[in-house]
Amino acid sequence: MKSPVAGIVALFVLFLVVIVGYSSVFTVAQTEQALVVRLGEPVKVVTEPGLNFKAPFIDTVISIDKRILDLENPSQEVIASDQKRLVVDAFARYRIKNALRFYQSVGSIQAANIQLTTLLNASLRRVLGEVTFITVVRDEREALMARIRDQLDKEADGYGIQVVDVRIRRADLPEQNSQAVYQRMQTERQREAAEFRAQGGQKAQEIRSNADREATVIVAEANSTAEQVRGAGDGERNRLFAEAYGKDPDFFAFYRSMTAYENGLKSNDTRFLLRPDSDFFKFFSNSSGKPPVAAVPPAAAAAPPAAPKP
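Residues numbered from 1 in each chain as written. Predicted model: local features only at pLDDT ≥ 70, side-chain atom pairs only at ≥ 80, totals over all residues. Heavy atoms only, no water.

A.B. asks: So what exactly am I meant to see when it comes to the nonpolar core here?
C.D. replies: Burial of nonpolar side chains together is a common tendency in soluble globular proteins. Of all hydrophobic cores here, the largest spans 35 residues; its most connected members are Leu116, Leu120, Leu128, Ile148 and Leu152. Elements that contribute at least two residues to this core include exactly strand S6 (69–72), strand S8 (85–96), helix H2 (99–105), helix H3 (109–128), helix H4 (133–139), helix H5 (141–156) and strand S9 (161–172). Among residues more than four places away in sequence, those in contact with Ile148 are Leu120, Ser123, Leu124, Val127, Leu128, Val166 and Ile168. (Core = buried A, V, L, I, M, F, W, Y, C linked by side-chain atoms within 4.5 Å. Buried < 20%, exposed > 50% of the residue type's maximum accessible area, 1.4 Å probe, protein only. Helix = DSSP H or I, 4+ residues; strand = E, 2+ residues; numbered from the N terminus. Contact = heavy atoms within 4.5 Å.)

Here it is as structure tokens:
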């Protein structure tokens, strides 16, 4: 029969074997790479996923992300070569390509982000400070981002980091400068609008003046033609009247009197201030228009002639 002490010892040995075996293996995920450190000194770097072995109790495994990481850079103010101030909002993507160098230089992703932010800002100021505002905003933005990426990648190589991409999300004037630019643009547009209105007003005045002048000329020519036609008509009328007067003066006098009566008696007021023996009413008392013959009294006709005086 086995002693109880032997069972306890065997159980203890088994427990030690399990602990030693557990501390001798480690796993590496597909998104990670592992750095094995023994008493503070790096031993090896494991980049392939799977189960790996290490010395128990004395080796430490440090997991380092091998995925592409994002670096968000806060907005920075940069002065372009034409002395215009720019507010640049950029970001970068990087990955850790040398775990040992990364661990020895920066040690962690947080520290790497701080270091890369400093390098990215310096690269932004260096590259954008050599070009003009229009070049950054419109003309060569892609080429400038490639230059910034290459410079940042070269500087980050000493930290075991590879910069995959750098992008400028926004490059614009500061708010106060933007307001000044908008105000200047608004003033310029208002000036152009006023100039266009003035030119339009001048053109309208010219057209109106030409139209008035042409209207005056047309009216004057029309009046002249009308006067000529009216004069010819009056001449023809006078000729006909003169011809008629020569043929029958009495009828012509009668016709003129009838016309005068018609014109004078049109209004509601038919009062006239005339002498009773005026020629105006000569046709009222006699249709022939001749004054009546005075009647001789019978006594006067029968009386003998007066004797001559001595």
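Okay, back to it.
A.B. asks: So what exactly am I meant to see when it comes to the pairing of strand S2 (residues 32–38) here?
C.D. replies: Consecutive residues of a regular strand have side chains that alternate between opposite faces of the sheet. Within S2, five of the seven residues are buried, leaving the element largely enclosed by the surrounding structure. One ladder, built from seven bridges, connects S2 with strand S5 (residues 59–65); its direction is antiparallel. For Leu35, the partnering residue across the bridge sits in S5 and is Ile62. Strand direction decides the pairing type here: S2 and strand S3 (residues 41–46), joined by five bridges, are antiparallel. In the strand pairing of S3, Ala34 is matched with Val46. Turn length for the S2-S3 hairpin, with the two strands adjacent in sequence and antiparallel, is two residues, and the turn residue Leu39 shows positive phi of about 50°. (Pairing = 2+ DSSP bridges.)

A.B. asks: Is there a simple way to think about the sheet that holds S2 in this case?
C.D. replies: Backbone-to-backbone hydrogen bonds join strands into a sheet, with any given pair of strands oriented parallel or antiparallel. Within the open sheet, the three strands sit side by side as S3-S2-S5. Their pairing is antiparallel. Edge positions in the sheet fall to S3 and S5, since each of these pairs with one other strand and no more. Shown here is a sheet whose adjacent strand axes are inclined to one another by a mean of 25°, direction ignored. (Axes fitted to C-alpha atoms, helices over the stretch in contact; angles between N-to-C directions.)

A.B. asks: Where do I start with the environment of Phe91 in this structure?
C.D. replies: Positionally, Phe91 belongs in strand S8. A sequence separation of 74 residues divides Phe91 from Asp165, and the C-alpha atoms of the two residues are 8.5 Å apart. Ignoring any residue separated from it by four or fewer positions in sequence, one finds Phe91 in contact with Leu71, Glu72, Asn73, Asp165, Val166, Arg167 and Arg169.

A.B. asks: Can you help me understand the pattern of salt bridges in this one?
C.D. replies: Should the charged atoms of two oppositely charged side chains come close, the side chains can pair. The final tally for this structure, using the stated rule, is 17 salt bridges. Among the ionic pairs, Glu72 bridges to Arg169, the shortest N-O distance being 3.3 Å. One end of the pair, Glu72, is in strand S6; the other, Arg169, is in strand S9, with 97 residues separating them in the sequence. You can call Glu72 exposed: its relative accessible area is 53%. On the accessibility criterion, Arg169 (42% relative accessible area) is partly exposed. A salt bridge links Glu227 to Arg230; the nearest nitrogen and oxygen atoms lie 2.8 Å apart. On the criterion of helical spacing, the pair formed by Glu227 and Arg230 is a turn pair, its members being three residues apart in helix H6 (residues 175–247). A cluster of three or more residues bridged by salt bridges with shared partners is formed by Glu72, Asp89 and Arg169. (Salt bridge = Lys/Arg side-chain N within 4 Å of Asp/Glu carboxyl O.)

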